[in-house]
Amino acid sequence: MKKQKQLSIIYFVMAIILFWSCESNKTDNFGREKYDPSKPVEITGFEPDSGGMSTKVFITGNNFGSDVSKIKVYFNNVPAPVVGSDGKHIYTITPRQPGRENVISVVVNGDSTAFTKKKYLYRTMYVIQTIAGRKGTTQFKAGKLSEAEFHQPSTITVDAQKNIFISHWRVPFCFVRINEEENIVEALAPGSNTDTKYAFGAPTVDANGVVSAISDNGRTFFTFDPIEGWTPRERSILPAGAGGAPFTFSTAHSLAAHPVTGELYTRYYASGHLVKVNPNTREGSLVAETLTSSDSYLVFDPVNPNILYIAYHHLHCIGKYDLEKKEHTIFAGRNGEAGWQDGPLSEARFNAPNQLIVAPNGNLYLADRNNHCIRMITLDGKGGGVVSTVIGKGGVAGYQDGNPEDALFNQPRGVAVTPDGNIYITDLGNNVVRKLTIE
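Throughout this description, residue numbers start from 1 for each chain and increase along the sequence as written. In keeping with the predicted nature of the model, local features appear solely for residues at pLDDT of at least 70, side-chain atom pairs appear and are counted solely at 80 or more, and the whole-chain, interface and lining totals rest on all residues. Processing note: side-chain calculations cover all non-hydrogen atoms of the structure and skip hydrogens and water entirely.

## Notes on the overall build of the protein
Next up, step 1: When its secondary structure is counted, the protein shows one helix and 34 strands.
Next up, step 2: Considered along the principal axes of its C-alpha atoms, the protein spans approximately 80 × 50 × 45 Å.
Next up, step 3: Residues counted as buried form 51% of the 439 residues belonging to the protein.
Next up, step 4: On the protein, roughly 19,300 Å² of surface is accessible, and the fraction owed to carbon and sulfur atoms is 48%. In this description a helix means any DSSP run of H or I spanning at least four residues, a strand means any run of E spanning at least two, and both kinds are numbered starting from the N terminus. Remark: exposure states derive from per-residue accessible area (1.4 Å probe, protein chains only) relative to the maximum for the residue type, with buried under 20%, exposed over 50%, and partly exposed in between. Here the accessible surface of atoms and residues is derived via Shrake-Rupley with a 1.4 Å probe, and residues count as covered only by protein chains that are part of the display.

## Let's talk about the pairing of strand β23 (residues 296–300)
Next up, step 1: Along β23, five of the five residues are buried, which leaves the element largely enclosed by surrounding structure.
Next up, step 2: The two faces of β23 match: S296, L298 and F300 on one face and Y297 and V299 on the other face are all buried.
Next up, step 3: Strands are treated as partners if at least two bridges between them are detected by DSSP. Relative to strand β24 (residues 307–312), β23 runs antiparallel, the two being bridged by five bridges. Among the inter-strand pairings, V299 is bridged to a residue of β24, identified as Y309.
Next up, step 4: Two successive antiparallel strands, β23 and β24, enclose a turn made up of six residues.

## Some thoughts on the packing of aromatic side chains
Next up, step 1: Put simply, two rings from Phe, Tyr or Trp (the six-membered ring, in Trp's case) pair if the centres are within 6.5 Å, and we call them stacked under 30 degrees between planes, edge-to-face over 60, tilted for the rest. According to the stated counting rule, one finds 18 aromatic pairs in the structure shown.
Next up, step 2: Feature note: the residues F165, F175, Y198, F200, F222, F224 and W230 constitute an aromatic cluster, connected by ring pairs.
Next up, step 3: In our convention, an over-ring charge means Lys NZ or Arg CZ found within 6 Å of a ring centre and within 35 degrees of that ring's normal. Over the aromatic face of F46 sits the side chain of K118, whose NZ or CZ is 4.5 Å from the ring centroid.

## Some thoughts on the sheet that holds strand β21 (residues 273–277)
Next up, step 1: Strand order across the open sheet formed by four strands is β19-β20-β21-β22, with antiparallel pairing between neighbours. Bordering the open sheet on either side are β19 (256–257) and β22 (284–289), each of which pairs with just one other strand.
Next up, step 2: Where strand β20 (residues 264–267) meets β21, four bridges bridge the pair, whose relative direction is antiparallel. Looking at the pairing, T266 lines up with V275 of β21.

## Quick look at the environment of V57
Next up, step 1: For V57, the position within the fold is in strand β3 (residues 56–62).
Next up, step 2: Looking at V57, the relative accessible area reads 0%, which means it is buried.
Next up, step 3: A C-alpha to C-alpha distance of 59 Å links V57 and G244, two positions 187 residues apart in sequence.
Next up, step 4: In this description, contact between two residues means that some pair of their heavy atoms is separated by no more than 4.5 Å. Discounting chain neighbours no more than four positions away, the residues touching V57 are F46, E47, P48, F75, I90, Y91, T92, T94 and Y120.

## With respect to the sheet that holds strand β27 (residues 343–344)
Next up, step 1: The strand order across the open sheet formed by five strands is β27-β31-β30-β29-β28, and the pairing between neighbours is antiparallel. Strand pairing shows two members of the sheet lacking a second neighbour, β27 and β28 (353–358), which therefore form its edges.
Next up, step 2: As paired strands, strand β30 (residues 373–379) and strand β31 (residues 385–391) are joined by six bridges and run antiparallel to one another. By the bridge assignment, M376 is partnered in β31 with S388.

## Digging into the pairing of strand β9 (residues 111–122)
Next up, step 1: Note that strand β2 (residues 50–51) and β9 share two bridges and pair parallel. Note on β9: the bridge partner recorded for S50 is L121.
Next up, step 2: Bridge count for strand β8 (residues 101–108) against β9 is seven bridges, and the pairing is antiparallel. When the bridges of β9 are listed, V107 appears paired with S112.
Next up, step 3: Hairpin connection from β8 to β9: two residues lie between these consecutive antiparallel strands, with N109 at a positive phi of about 55 degrees.

## Digging into the environment of H168
Next up, step 1: Note that H168 resides in strand β12 (residues 164–168).
Next up, step 2: Accessibility expressed as a relative area gives 0% for H168, which makes it buried.
Next up, step 3: Distance from H168 to Q139, taken between C-alpha atoms, is 9.9 Å for residues 29 residues apart in sequence.
Next up, step 4: Apart from the residues within four sequence positions on either side, H168 is in contact with F140, F150, H151, Q152, P153, F173, C174 and V176.
Next up, step 5: Polar contacts here mean pairs of N or O atoms no more than 3.5 Å apart (in protein, one a potential hydrogen donor and the other a potential acceptor; neighbouring residues in sequence count only if both atoms are side-chain atoms). For H168, the side chain forms a polar contact with the main-chain nitrogen of H151, separated by 2.8 Å.
Next up, step 6: A distance of 2.9 Å separates a polar side-chain atom of H168 from the backbone oxygen of P172.

## Some remarks on the pattern of salt bridges
Next up, step 1: Any carboxyl oxygen of Asp or Glu within 4 Å of a side-chain nitrogen of Lys or Arg constitutes a salt bridge here. Applying the stated rule across the entire model yields 15 salt bridges.
Next up, step 2: Across the pair E180 and K435 runs a salt bridge, and its minimum N-O distance is 3.2 Å. Of this pair, E180 sits in the loop between β13 (173–179) and β14 (184–192) while K435 sits in strand β34 (residues 432–438), and the two are 255 residues apart along the sequence.
Next up, step 3: Take E180: its relative accessible area is 28%, and that puts it in the partly exposed class.

## Digging into the confidence of the model for the protein
Next up, step 1: Looking at any residue, its pLDDT shows the predictor's confidence there, from 0 to 100. Overall, the predicted model of the protein reaches an average pLDDT of 92, with 93% of residues at or above 70.
Next up, step 2: The low-confidence segment residues 1–12, where pLDDT is below 50, has 12 contacts with residues more than four positions distant or belonging to other chains.
Next up, step 3: Low confidence marks residues 14–26, where pLDDT is under 50. Its contacts with residues over four positions away, or in another chain, come to 18 contacts.

## A closer look at the environment of E283
Next up, step 1: Among the structural elements, E283 can be located in the loop between β21 and β22.
Next up, step 2: Here E283 falls in the partly exposed class, since its relative accessible area comes to 35%.
Next up, step 3: In this structure, the C-alpha to C-alpha distance between E283 and T55, residues 228 residues apart in sequence, is 53 Å.
Next up, step 4: Discounting residues that sit within four places of it in the chain, E283 has contacts with L238, P239, G241, K276, V277 and N278.

Printed below as a string of structure tokens:
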């Protein structure tokens, strides 16, 4: 039976290749059938059962017709390209990231059907590549991607136009823009070798494309507006005004722009004060008291903007603050317990977690700095989830591009995600910027 199916597939592919130039509304010697609107469209099966992006998938059934311009195939709700059809078989290609478990459906001339007896399992593939910088360099150098050099590229963000912004931490302290399409690496804020005012924390982008980054001192932040050509604007954070709750300044290493209001949130190292800053008046106001004595990195959930995730570097855990409930909880890992372990949120262990982001697919990605790897947190929608190592080897430092089996990092500190789901990583110990392609 299996051999018969294989022969059927080979027969169909040969038909497509040999008769590609034939008009699609004719019946040829290979039995290509027209669509009959008086009959239902039917799916009887598909193979293979699983695969990654661009996997060839053959759908069997009845009344598909042979005019590919009138045939649409979907994996869940994601359209897939239709290569050919002989009326009983459709040759299609798996689209990019449709989801883990997929219901395949076919629409012909508005007549639709879905196959629910089994689901197509999508296998996600990860590949890491270096886009700029060279291992072992000790200074910043602007120029083309192939010419650029870094010395401890720290944290990172990406705007909707795929401009990459990096807080550069040594020789000099500065703020950098990278654009792959323009093939450019440039310093927006030239910075200083000694003035830590230019030692920026994890940057953020608001809904208007304005980039903001806080200085190491926690009292100053800079904005970079695309309308102004990203000219740096230095701004002081002011104490709470009338009606605002007072807070205590200390070192801060992250800003997060609220997806709706545009207000900036930061968290101070010593006091653990979570503070909201009005970007117009620059007045701060205490939001909550969180864990103390730790650097932290913040990101809002774009789907539920009441949720703010907090990675606690020195405490080796991930917190979550609910703005609506005014509630802080440990979301993943265990307070003060370092390690490397995948699994359910409460059982997972991290070692100096740094910047984290929420990808378009709803998963969280995290630079697990002292574990030298990138972790993913997949949520189940019921308050639970699972932590897994996406790429890199837990506890093993090195430098190697490639797939998850080969790739190595050395203290990755920053992660940022583009609208199409690609992830950029600042590999601090290797002095390079890398790109994680998800297929």
